Every structure is written in structure tokens, then in C-alpha cells.
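Structural characterization, general
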Amino acid sequence: MRRNWIKLYVDQCLRGTMMKELPYNERWLWFGILLLAGDSPFDGKICITENIGYTDEQIAELLETPVDIYKSAKEKMLNHHKIKVEKNNVILIVNWTKYQSEYKRLKVYKSRVKRGTKKSTRKSTKKDTNSSLSISPSNSSSTSKEIKDKYKEIRHEVIKYLNEKTRKNFDIDSDSVIALINGRLNDKKPTNLEELKFVIDVKVSQWLNDTENNKYLRPDTLFRKSNFENYRNEILPKRRPQVGENIHKSTHKEIAYGEERGIKILEIDKELADEVKKARRAKDINRLDELENIKKERIAEWSQQRQKKTQAI
């Protein structure tokens, strides 16, 4: 199950074996590994599905760390029996259940408390019907509806587009879809309709005819925060119409956007290449993080400018 938090023991973190087993520039990766395991739907495992793991490069990118530093830390964690690597690079945290089992117990407890609070709130609402300041359930639901409907038009267009491209039938108004797409539109570096469609195009081009990965063409995979940030920075393979193929005008626009975005990413990578090399040689993690953020900001700025130009035409 995905968790909102993981448990850390102060004494073990400050005075435990980790301080000796990992050098200072690799210690964060142990906490990062624990956080990824906590974010996984499979208890104590870091994986895409239960039997398919991430590559070392993907995990390093998720933790925004140079690959060589991650691999070095991973090897030490294996040697000191902190993790195990199963088939297909699925990472298993040793003693996860021993130290993290409290989450499930507290989740059940909080769920009971929440249900009890709701019951008491309903009782007090009935008692306070004469008060002009009381909030009725209908008011509460209408407020919730307004929040959900803020991006309704974009959300509907994105899922309709996904269904058309994948030949599937995802529910446009399901709670999970609303949370995922609204979440990406409300990120610190928010996305837009074109980028959401771009991510669909990228992964459809890679997975549509792949029997193993086709099942991941779904909102939970495409629009999950950690995945989406990686996918939006990929390059869409060039696609040329086949002879006699009738392509809709909007499809031409989507192909053009993907190709232009890919060219822009390559341009930015070229501009920052020397700085990235210097930072890697110096093993300057802060500078690498800074350069990665610069790249993301430039891509986002380009995307916003392009969208404004498109709307003005």
C-alpha cells in the first residue's frame, strides 16, 4: 500500500550502523530508498509492478542523484544486508515489516476515529439546524464539487484522448482520475493540456503494441507525479503519415508539438552539457540538482509560451 509517511528511529539514524556503512554523500539515498518503498503499492518493495523493477538509471533520476553515486550506495546497501535485489531488479527492503508495520495499525485506528468524528458531526449538525452559521451537507458537497470541476474540461479532454489512443475505456469522473490530473495541474511547476497529451503520445508510441507494457497505459501510471515528471521530459519518436492515411488536423498539431518539444529538450541539453560535465566530475550534487531544475524551468517556460502563441492564432 502507498503510505503518507514512514517511520524513522532517531537513535538508529544518528548513531546506528548506517553512519559507518554509507559515506555522507550517499546517506540520503538510504532515506530515499525507504521513501520509494513507502510510495510503492507493494509493501517494502521498489518496483513498477510486483515483478518488474526500475532500472538503476530510473531510480537515480527519481532521487535526482547521479547514477554512479546511486550504484555505489546500492552496492553498499546490498553488502550490509539493508536491501535485497530480486528478479527484474525489484528491490526489497530487509526488515521492512519489523520497522514499518505500525503504519497499517495506525491507518485502521485513524479510519475508526474519522468515522467516529463524522458521526458526531452529523449529530451536532442536526442539533444546530436553527443556527444561521451551520453548514449543511449539501453546502459541503457543492464546495467539493466546485473544486473537482475546476479542471473538468481539461480532465475530460485528456481522458477522452487517452481512451481514443489506447482503445480503452477509463472513467472520466472517477476519484482517482480527478486526483491524478488535478494534482498535475496544481503542481509547483504545473502542466497543461498539451503536456498531458504529449505524455500520452510518448508512452503510446512505446507501449501500445508491447504486450508486456500495454497494461501500463493507464492514468495511474501516466499521471502519477514521479512518473509524469520523467515522461514529460522524454522525446517523442518522429511519426510520418503512411501513404493514403487520413490523419485528422488535430493529430498533425500533436505530432508537431511532440517534435518541437523533443528538439527543444535536445537544445537545452546541449546548452547545459558543459556545466553538467563539470558538476559530474566534481561530484557536485547540489549543482547537478540546480542544472536539472534549470532544464525543467526552461522546458516549462517554452511550453507556456508555445501554448500562448497557439491560442493567439
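Counting starts from 1 at the beginning of each chain's written sequence and moves along it residue by residue. Only residues with pLDDT of at least 70 get local features here, since the model is predicted, and only at 80 or more are side-chain atom pairs given and counted; chain-wide, interface and lining totals rely on the full set of residues. Side-chain numbers come from the whole structure's heavy atoms, not from hydrogens or water.

A word on the environment of Ala273
Heads up, the condition is: Per the convention used, a helix needs a DSSP run of H or I reaching at least four residues, while a strand needs a run of E reaching at least two, with both numbered from the N terminus. Buried means the residue's accessible area, taken with a 1.4 Å probe over protein chains only, is under 20% of the maximum for its type, while exposed means over 50%, and partly exposed covers the values in between.
When you line up the elements, Ala273 lands in helix α14 (residues 249–281). Relative accessible area serves as the criterion here: at 27%, Ala273 is assigned to the partly exposed category. Placed 18 residues apart in sequence, Ala273 and Leu291 show a C-alpha to C-alpha distance of 9.7 Å.

Here's the deal with the side chain of Asp201
To keep things clear, this is the line we draw: Any pair of nitrogen or oxygen atoms within 3.5 Å is treated as a polar contact; in protein, a donor-acceptor pairing is required on top of that, and neighbouring residues in sequence qualify only through side-chain atoms on both sides.
Here Asp201 lies in helix α11 (residues 193–207). A distance of 2.6 Å separates polar atoms of two side chains, one belonging to Asp201 and the other to Tyr161.

What to know about α11
Note the threshold: Multiplying 1.5 Å by the residue count of a helix minus one yields the expected span of that helix.
The terminal C-alpha atoms of α11 lie 21 Å apart, and with 15 residues this matches the ideal 21 Å at 1.5 Å per residue to within 8%. Judged by how many residues are buried, α11 sits mostly within the fold: 13 of 15 residues are covered. Among the residues of α11, the N-terminal cap falls to Asn192, whose side-chain oxygen and the backbone nitrogen of Glu194 are separated by 3.1 Å.

Describing the side chain of Thr65
Put simply, the rule is: Note on contacts: a residue pair qualifies if any of its non-hydrogen atoms lie within 4.5 Å across the two residues.
For Thr65, the location among the structural elements is in the loop between α4 (56–62) and α5 (67–79). Of note is the side chain of Thr65, whose polar atom sits 3.0 Å from the backbone oxygen of Leu63. Once residues within four sequence positions are removed from consideration, Thr65 is found in contact with Trp28, Leu29, Ala60 and Tyr70.

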